[in-house]
Amino acid sequence: MAVKALKTAEFDGAIQGSHVAVVDFWADWCGPCKMVSPVIDGLEKAYGDRVLVAKVNVDDEHELAARFGVSSIPTVIFFRDGAEVERKIGVQTAGVYQAILEANL
Amino acid sequence: MSYDVLVIGGGPAGLSAAINVRARNKQVLVVSNPMEESPLWKAEQIDNYLGLPGVTGPEMLRVMHRHAQAAGVEFREGKVLNTMHMENAWYVSIGSDMESAAAIVLAGGVSRGKKFPGEEELLGKGVSYCATCDGMLYRGRPVAVVGYGDSARKEASFLEGIGCKVTYFHRPGSCSIQGSGKVESITCDGKTAAVDCVFLLRPTMAPTELFPGLAVEGGYVKVDRRMATNLPGVFAAGDCTGLPLQVAKAVGEGLVAGQSAAAYAVQNGQGR
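What comes next concerns the included structure. Just so you know, the residues in each chain are numbered from 1, in the order the chain's sequence is written. Just so you know, chain letters begin at A and ligand numbers begin at 1, following the order they were written in. Residues qualify for local features only when their pLDDT is at least 70, as the model is predicted, and side-chain atom pairs are given and counted only at 80 or more; totals for whole chains, interfaces and linings, by contrast, use all residues. Water and hydrogen atoms were dropped before computing side-chain values, which therefore reflect all heavy atoms in the structure.

1. Let's talk about unusual backbone geometry
Here comes step 1: At the junction of isoleucine 73 of chain A and proline 74 of chain A, the peptide bond is cis and its omega measures out at 5° in the coordinates.
Here comes step 2: Secondary structure elements are taken from DSSP: a helix is a run of H or I of four residues or more, a strand is a run of E of two residues or more, and numbering for both begins at the N terminus. Relative to the helices and strands, proline 74 of chain A is located in the loop between helix H3 (62-67) and strand S4 (75-80).
Here comes step 3: With omega at -5°, the peptide bond leading from leucine 243 of chain B into proline 244 of chain B counts as cis.
Here comes step 4: When you line up the elements, proline 244 of chain B lands in the loop between strand S16 (234-236) and helix H7 (247-268).
Here comes step 5: Of note, the phi angle at asparagine 88 of chain B is positive, near 70°, even though the residue is not glycine.
Here comes step 6: Its place among the elements puts asparagine 88 of chain B in the loop between strand S4 (80-86) and strand S5 (89-94).
Here comes step 7: Phi at aspartate 189 of chain B takes a positive value of approximately 45°, unusual for a residue other than glycine.
Here comes step 8: Along the chain, the position of aspartate 189 of chain B falls in the loop between strand S11 (185-188) and strand S12 (191-194).

So, in structure tokens, the structure goes:
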């Protein structure tokens, strides 16, 4: 399954419907986001059966970016039972994201 | 596309590394600021470079640049913001682009200036090093640009173009950034501006910011005789490795780093 691109209207339902979710806030014009993108794809491959792995384009979904106070991208936010548990701003290695997922599964 | 070697920095060390990668018929990309922003550009006269007594900084840079171009070196103007090692390749973000290479030569010179008070704490919370990355998040809002050269002015114009209200601080002596949880204002040389974001556009990122885990010694990148750092496939040359900060030393180290990086790319590149 590919990483799910979430729109504002479906966001809350998707996050609340997943025990654990990870969301990558990104945009086309952001070089560092392009580096994180394959890492997020890797998370989907490794955890996709247990975790919602999604992305939000901050250009298309201003509201979501503003609601979560995303002020620098890439920002990757982790949710557990619908509530934010952690966020990582900027480029991180796969291991950093995996450790957070493992701690919340 | 993917390169064998990506060189960060277009001064004597970087260009020397690049032509030596080309001498082994490998593909190389040099990422750098415009030549005119090199510290060497300001040198009025260089008297200790063998065979070229009295040459000026601009003359030297132009002739080295021409040599590299003739050798088939590719160039990209911009600043490397992040790097990541993944599956035998280095991924590098340059403004809104990304490139990859089997090996890296770090030849970005010395980063001058310390971090400002508030910079570390508010990084990602309104402090940004990349106007093209984060500018769009601040459309219609007040931002500050702390700039050190023409490329920073261009980035400030880009921000104005997308609707940011820009206060520009040109080469300030000292700044501090205030805010709790997010940026609220910046004060540079006694002048304060209330802003939502501060873009710090320094000419060079500190090597340890670019490469987390990079070993340094006395403020300089630690290298061995092959100019290898402690990170796989990352070599360093020139001023960033330490004193003396001289062109001849940079060119020699660039040669070694270029050869080492090309050899590394042959051994570890993906079928190139």
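2. Let's talk about the packing of helix H1 (residues 12-22) of chain B against helix H2 (residues 57-70) of chain B
Any two packed helices are characterised by how steeply their axes cross, that is the angle between the axes, and by the distance between the axes.
All names here are of chain B.
Here comes step 1: At a closest axis distance of 9 Å, the pairing of H1 and H2 adopts a crossing angle of 20°. Between H1 and H2, the interaxial angle falls into the category roughly parallel. In the packing of H1 onto H2, the handedness of the crossing is left-handed. Contacts between H1 and H2 involve Pro12, Leu15 and Ile19 from the former and Met64, His65, His67 and Ala68 from the latter.
Here comes step 2: Grouping the constituent residues of the contact of H1 with H2 by class yields five nonpolar, two polar and no charged. Lines are fitted to the C-alpha atoms to define the axes, a helix being fitted only along its stretch in contact, and any angle between axes, read from their N-to-C directions, falls within 0 to 180 degrees. With respect to orientation, any angle under 35 degrees is reported as roughly parallel, any angle over 145 as roughly antiparallel, any angle of 65 to 115 as roughly perpendicular, and every other angle as oblique. Crossings are assigned a handedness: left-handed for a near helix turned anticlockwise from the far helix by less than a right angle, right-handed for a clockwise turn. Every residue pair with non-hydrogen atoms within 4.5 Å of one another is taken to be in contact. Nonpolar residues are Ala, Val, Leu, Ile, Met, Phe, Trp, Tyr, Cys and Pro. Charged residues are Asp, Glu, Lys and Arg, and all others, Gly as well, are polar.

3. Digging into helix H2 (residues 31-47) of chain A
Residues and elements named next belong to chain A.
Here comes step 1: Expected helix span is given by 1.5 Å per residue-to-residue step, counting one fewer step than there are residues. Under the 1.5 Å per step criterion, the end-to-end length of H2 is 25 Å for 17 residues, consistent within 8% with the ideal 24 Å.
Here comes step 2: For H2, the principal kink sits at serine 37 and spans about 25°; a proline, proline 38, occurs within the next four residues.
Here comes step 3: When a residue's accessible area, from a 1.4 Å probe over protein chains only, is under 20% of the maximum for its type it is buried; when over 50% it is exposed; and in between it is partly exposed. Taken as a whole, H2 has its buried residues at Gly31, Pro32, Cys33, Met35, Val36, Val39, Ile40, Leu43, Glu44 and Tyr47. Two axes are fitted around each residue, one to the seven residues ending there and one to the seven starting there, and the angle between them is reported as the bend at that residue.

4. Brief notes about the interface of chain A and chain B
Here comes step 1: Taken residue by residue, the interface counts 20 residues in chain A and 21 residues in chain B.
Here comes step 2: Between chain A and chain B the total buried area reaches about 1,600 Å² when both faces are included, carbon and sulfur atoms providing 67% of it.
Here comes step 3: Sorting the residues of chain A by area buried against chain B places Trp29, Met35 and Ser71 of chain A first, and these three jointly supply 41% of that buried surface.
Here comes step 4: We define a salt bridge as a contact between a side-chain nitrogen of Lys or Arg and a carboxyl oxygen of Asp or Glu at a distance within 4 Å. Linking chain A to chain B there are one salt bridge.
Here comes step 5: For arginine 139 of chain B, the salt bridge goes to aspartate 59 of chain A, with nearest N and O atoms at 3.4 Å. Buried area is a sum: the accessible area each of two parts loses on coming together, probed at 1.4 Å, counted once for each and added.

5. Quick word on the pairing of S12 of chain B
All names here are of chain B.
Here comes step 1: One requirement defines pairing of two strands: DSSP has to find at least two bridges between them. Across four bridges, the pairing between S11 and S12 is antiparallel. Paired with isoleucine 186 across the strands is alanine 193, a residue of S12.
Here comes step 2: Counting the residues between successive antiparallel strands, the hairpin from S11 to S12 contains two residues, one of them, aspartate 189, with a positive phi of roughly 45°.

6. Focus: the state of the cysteines
Here comes step 1: What counts as a disulfide here is a pair of cysteine sulfur atoms lying within 2.5 Å. Under the definition given, this model contains three disulfides over all chains.
Here comes step 2: In this model, cysteine 30 of chain A is linked to cysteine 33 of chain A through a disulfide, with the two sulfur atoms separated by 2.2 Å. Taking the sign of the S-S torsion, 85° for the link of cysteine 30 of chain A and cysteine 33 of chain A, the bridge is right-handed. Residue cysteine 30 of chain A shares its accessibility class with cysteine 33 of chain A, and that shared class is buried.
Here comes step 3: Each disulfide pairs two cysteine sulfurs, and for cysteine 175 of chain B the partner residue is cysteine 188 of chain B, the sulfurs being separated by 2.1 Å. Disulfide cysteine 175 of chain B-cysteine 188 of chain B: the torsion about the S-S bond is 110°, which places it as right-handed. Highlighted residues: cysteine 175 of chain B in strand S10 (residues 175-178) and cysteine 188 of chain B in strand S11, separated in sequence by 13 residues. Each member of the pair cysteine 175 of chain B and cysteine 188 of chain B is classed as buried.
Here comes step 4: In chain B, the cysteines engaged in disulfides, taken in order along the sequence, are linked 1-2, 3-4.
Here comes step 5: In this structure cysteine 197 of chain B is not part of a disulfide, and its nearest cysteine sulfur, from cysteine 164 of chain B, lies 7.8 Å away.

7. Overview of the packing of H1 of chain B against H7 of chain B
All names here are of chain B.
Here comes step 1: Contact pair H1 / H7: the axes reach a minimum separation of 7 Å and the direction vectors enclose 35°. The chirality of how H1 crosses H7 is right-handed. Here Pro12, Ala13, Ser16, Ala17, Asn20 and Val21 of H1 come into contact with H7, specifically with Val247, Ala250, Val251, Gly254, Leu255, Gly258, Gln259 and Ala262.

8. Some details on the pattern of salt bridges
Residues and elements named next belong to chain B.
Here comes step 1: On inspection of all chains with the given rule, the structure shows 15 salt bridges over all chains.
Here comes step 2: For lysine 115, the salt bridge is made with glutamate 120, and the minimal N-O distance between the two is 3.0 Å.
Here comes step 3: Salt bridges here are not isolated pairs; linked through shared partners, they connect Arg76, Asp97 and Glu99.

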